[in-house]
There are 2 protein chains.
Amino acid sequence: MSNTFNELQEIIKKLSYYVHVSEVMYWDMRTVMPQGGFDDRMNTLAFMETERFKLGTSEELKKILDTLSKEEEFRALSPNRQYIVKRMKRDLDENARIPVEFVGRFSEASSKSERAWEEAKRANDFAIFAPHLEEMISLVKERAGYTHPGCEVLDVLLNEYEEGMTSDKIDPIFNELKEKLIPLVRKIGEKETARNSVVSGSFDIEAQKKVQDLLLEYIGFNSDKGCTGETEHPFTLNICDGDVRVSNHFHEDEPIGPMFSAIHEGGHAIFEQNVDHELNCTVGGSCSYYGIHESQSRFYENILGRNINFWKPIYGKIQALLPQFEKIPLSQFERIINRVTPSFIRTDADEVTYCFHIILRYEMEKAIFRDNVPVSELPLLWNKKMEEYLGITPRSDAEGILQDMHWSDGSFGYFPSYLLGSIYDGMYLDAITEELGDVDKILSEGRIKEITKWLNEKIHRFGSTRLPADVIENVCGKPLSAEPLVRYFTEKYTRIYDL
Amino acid sequence: MSNTFNELQEIIKKLSYYVHVSEVMYWDMRTVMPQGGFDDRMNTLAFMETERFKLGTSEELKKILDTLSKEEEFRALSPNRQYIVKRMKRDLDENARIPVEFVGRFSEASSKSERAWEEAKRANDFAIFAPHLEEMISLVKERAGYTHPGCEVLDVLLNEYEEGMTSDKIDPIFNELKEKLIPLVRKIGEKETARNSVVSGSFDIEAQKKVQDLLLEYIGFNSDKGCTGETEHPFTLNICDGDVRVSNHFHEDEPIGPMFSAIHEGGHAIFEQNVDHELNCTVGGSCSYYGIHESQSRFYENILGRNINFWKPIYGKIQALLPQFEKIPLSQFERIINRVTPSFIRTDADEVTYCFHIILRYEMEKAIFRDNVPVSELPLLWNKKMEEYLGITPRSDAEGILQDMHWSDGSFGYFPSYLLGSIYDGMYLDAITEELGDVDKILSEGRIKEITKWLNEKIHRFGSTRLPADVIENVCGKPLSAEPLVRYFTEKYTRIYDL
């Protein structure tokens, strides 16, 4: 029996090598690769993904997993190993129904679609992207048909990003948020007009990078087990637990966005760096639940990072690196980083109106997969919803439907995770306050790493071995609810805006 | 028949994917990877190299190559395809005798040895590196025993880096160089003492990078098909013909070394970017002859780059980027970049004394592989030879035997290529002068790209499909000789040093 698990481990290792090269190639493609390398890179990625797929659905692996799944054998395994066997068996059963040729086809279409999206966004021309979007929608439907025959596609997609999540569970929570937050945003809007909270000037890029390094170190990112890079859009990439990378995009005229991107991606990276090493390079070794993952990045970014006490111990150092901030007292900085106002771009949105950006996208995905709305009608639908929820209408598709890359590579069902993450965050905040004490005090005393340690202990170390619902149950001891998030928003902005 | 070649092409593609990922992983490892990623990277590299090896020595491939090698089938192939079949068959026959387990073992030992070398160099402690060096010597001997049973190891190694080259051919040429250059260096030394040619100050790194970009563009590097990066040691890396990369290492206090590194690596890269696209990702698509490759990098670096006329069209731009050069007139710059004086570090050496750095290493390799001199005695032998040829004795192994990384990954037999490259360069200079006219004139008129075009046409486009001896024969129409190089040195330095 232990022999059979050893055999499994040999295959796990090989699978991890294919993941490793794909991740490295992706990082390289986004950070440095010249355009001339695109075609060969695309072919190489497709080949490696196909090889991984073949191994991951092989008869050899199936036999091993079947043996290890037998009751007696299974019971003798450690909980981590049980998770690995169960998860790999499920993945194999689902994926074995996908034709091999589909994998290469999907990979190639997705690379091409990503590139078309970039072009379309740059040219502000939805028509360039439309045929690729259609193709990706069709491929994603095709895939769902293989992996979950007869199931509702939207739920298959939601489950893919947050296991156990369905539209039945999401709908009432998102509706509650709409109902509670629309009046809050309106109230804030009445006060907001008087404020002027823009930072202006030219900010040295090298100094901004030093601020990023400072912030990452401050929250607990381990630079011996990770590095940073520059890409068009910030992201976190996990090659193995000793090599977790965050990227950022810097602007000479706007240093605050990149600071929060650093904190956000740092939150993702801290998660990946702190999974039990025993799980490294296995299906359990990286958190594959996007809501739970986003709950970490967004906890650091918003709950901690937009709390003025977060900045107290380090604001002086930031002023030393970016002297323009010397003219901005901390109290003004708090208002700048907590300015609530409707805007077009999701990634620039404040934490409150952000919720509507997600609800809009979720409803768009419902329109695509449940109501089969044609691609050509999507831009208009997008703009109507922006008007409905935030009272503003995009002047172009570049600041509307073309703004995010997610759909371009077929990541439908991903968006709700962001908001689920925030909902979880409200619940964590209650739990931390109960267990560690007042968060304002912890932050202002420079003890943020105590919170990181708590998150390591309660969430990170388990990787994927606990399902999202179990994480929430274990950490918070309560069923999922948007109430703590709404309460956090209401209390915080009532104070800041003197509502 | 055409079907059989199509089958071969499918395998060639797959082999190229494995090369692709190894190259990307190597670039990543040298430019950005955090230390925590080392172990998983090493395992992944070893796996990918093993997979490539298995495919490259498979029965399937053997059958295809055997079919295509039959006289009638072979004759019907184009010359490029003939080369591919012949070369792949030879590689397969040689490699099929290597046990698969050896490939992983070699890859792992070589990664560890490289790391030990880095540590040893940093700590200036040969003892850290010695056991790894012994291991690499033994592995290289073992490999030669598989690929070329019964042959002299040194010649196997020389042939590996410059096909067709043997110690019988190298010895008389290197001896001629020693004989002619020792008196020349002595004569220069008598004049050199009076000169003061150091550049001092602090040079902005970002500006130095702009100088690098300017130089690369100037000589013909295509940045749509390549990019740059920073590494401990400069190198060129070829992922495919659309993605050829050069790295550099910048120093705040010394901007000239990195300029010449850029020109040198640029020469390598221009070669790889200009191989016939038909050969891309095949065994013919990258030049695998190191002497021929070095002849390109060193032609740009020395024959062109150390010619004062090279700088005339661009010196003003460099002064604008690095204002410290405004105080240095071009005539003084010529003396700075052509200062001939014995020194310890090969990569810092001038083009004349450089020859001795190579002759020394070649003789060390003879001592290792022909005379079986124990590793423990190598540092002393190195120092003795430095004293004999250049009249100086390293104060430490870090500036002696530990300076180069080549031996750490088993690249024995590589060093002579550098000097062979220079010897070829002397011959090319004669050929270019005859066909294109006076090189000084071409350079001073800013027409350097005419020379690049000539090299593209005469050398680059063929990739590996012409053996080194054929390249020389075709380009120069003469047998190999050190005479043109000696004549170039003598004329140039007689003028500069007023001998």
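What counts and how
Residues numbered from 1 in each chain as written. Chains lettered and ligands numbered in written order. Predicted model: local features only at pLDDT ≥ 70, side-chain atom pairs only at ≥ 80, totals over all residues. Heavy atoms only, no water. Pairing = 2+ DSSP bridges. Helix = DSSP H or I, 4+ residues; strand = E, 2+ residues; numbered from the N terminus. Axes fitted to C-alpha atoms, helices over the stretch in contact; angles between N-to-C directions. Contact = heavy atoms within 4.5 Å. Buried area = accessible area lost by both parts, 1.4 Å probe. Salt bridge = Lys/Arg side-chain N within 4 Å of Asp/Glu carboxyl O. Buried < 20%, exposed > 50% of the residue type's maximum accessible area, 1.4 Å probe, protein only. Phe/Tyr/Trp six-rings, centres within 6.5 Å; stacked < 30°, edge-to-face > 60°. Lys NZ or Arg CZ within 6 Å of the ring centre and 35° of its normal.

## Thoughts on the sheet that holds strand β2 (residues 236–240) of chain A
Residues and elements named next belong to chain A.
Step number 1: Pairing is mixed across the open sheet formed by three strands, whose spatial order is β1-β3-β2. Only two strands of the sheet have a single neighbouring strand rather than two, namely β1 (226–230) and β2. Here the strands of the sheet are splayed against their neighbours by 20° on average, with no regard to which way each runs.
Step number 2: Across five bridges, β1 lies against strand β3 (residues 243–248) in parallel orientation. What sits directly across from Gly229, in β3, is Ser247.
Step number 3: Packing of helix α10 (residues 205–219) onto the sheet brings it into contact with β1 and β3, and relative to β1 it is tilted by some 150°.

## Points about the interface of chain B and chain A
Step number 1: Contact with chain B, which involves 35 residues of that partner, is made by 35 residues of chain A.
Step number 2: Contact between chain B and chain A buries roughly 2700 Å² in total, counting both sides, with carbon and sulfur atoms accounting for 63%.
Step number 3: Counting across the chain B and chain A interface gives four salt bridges.
Step number 4: In this structure, A:Arg41 and B:Asp243 form a salt bridge, with 3.8 Å as the shortest nitrogen-oxygen distance.

## Topic: the pairing of strand β3 (residues 243–248) of chain B
Residues and elements named next belong to chain B.
Step number 1: Counting buried positions along β3 gives six out of six residues, so the element sits mostly inside the fold.
Step number 2: Burial along β3 is two-sided: Asp243, Arg245 and Ser247 facing one way and Val244, Val246 and Asn248 facing the other are all buried.
Step number 3: Where strand β2 (residues 236–240) and β3 come together, four bridges link them in antiparallel fashion. Across the sheet, residue Thr236 finds its bridge partner in β3, namely Val246.
Step number 4: In textbook terms, the turn of a hairpin is the stretch between consecutive antiparallel strands, and for β2 and β3 this stretch comprises two residues.

## Quick notes on the packing of aromatic side chains
All names here are of chain B.
Step number 1: Here the structure, examined in full by the defined rule, presents 60 aromatic pairs over all chains.
Step number 2: Between the aromatic rings of Tyr290 and Tyr414, the centroid separation amounts to 4.8 Å while the plane-to-plane angle is 70°, which identifies the pairing as edge-to-face. Here Tyr290, found in helix α12 (residues 290–304), pairs with Tyr414, found in the loop between α17 (378–390) and α18 (415–436); they are 124 residues apart in sequence, far enough to count as distant.
Step number 3: Note on Tyr290: relative accessible area 31%, which makes it partly exposed.
Step number 4: A cation over an aromatic ring shows up here: Arg143 above the ring of Phe106, its NZ or CZ 4.7 Å from the ring centre.
Step number 5: The aromatic ring of Phe415 is capped on one face by Arg361, whose charged end is 5.3 Å from the ring centroid.

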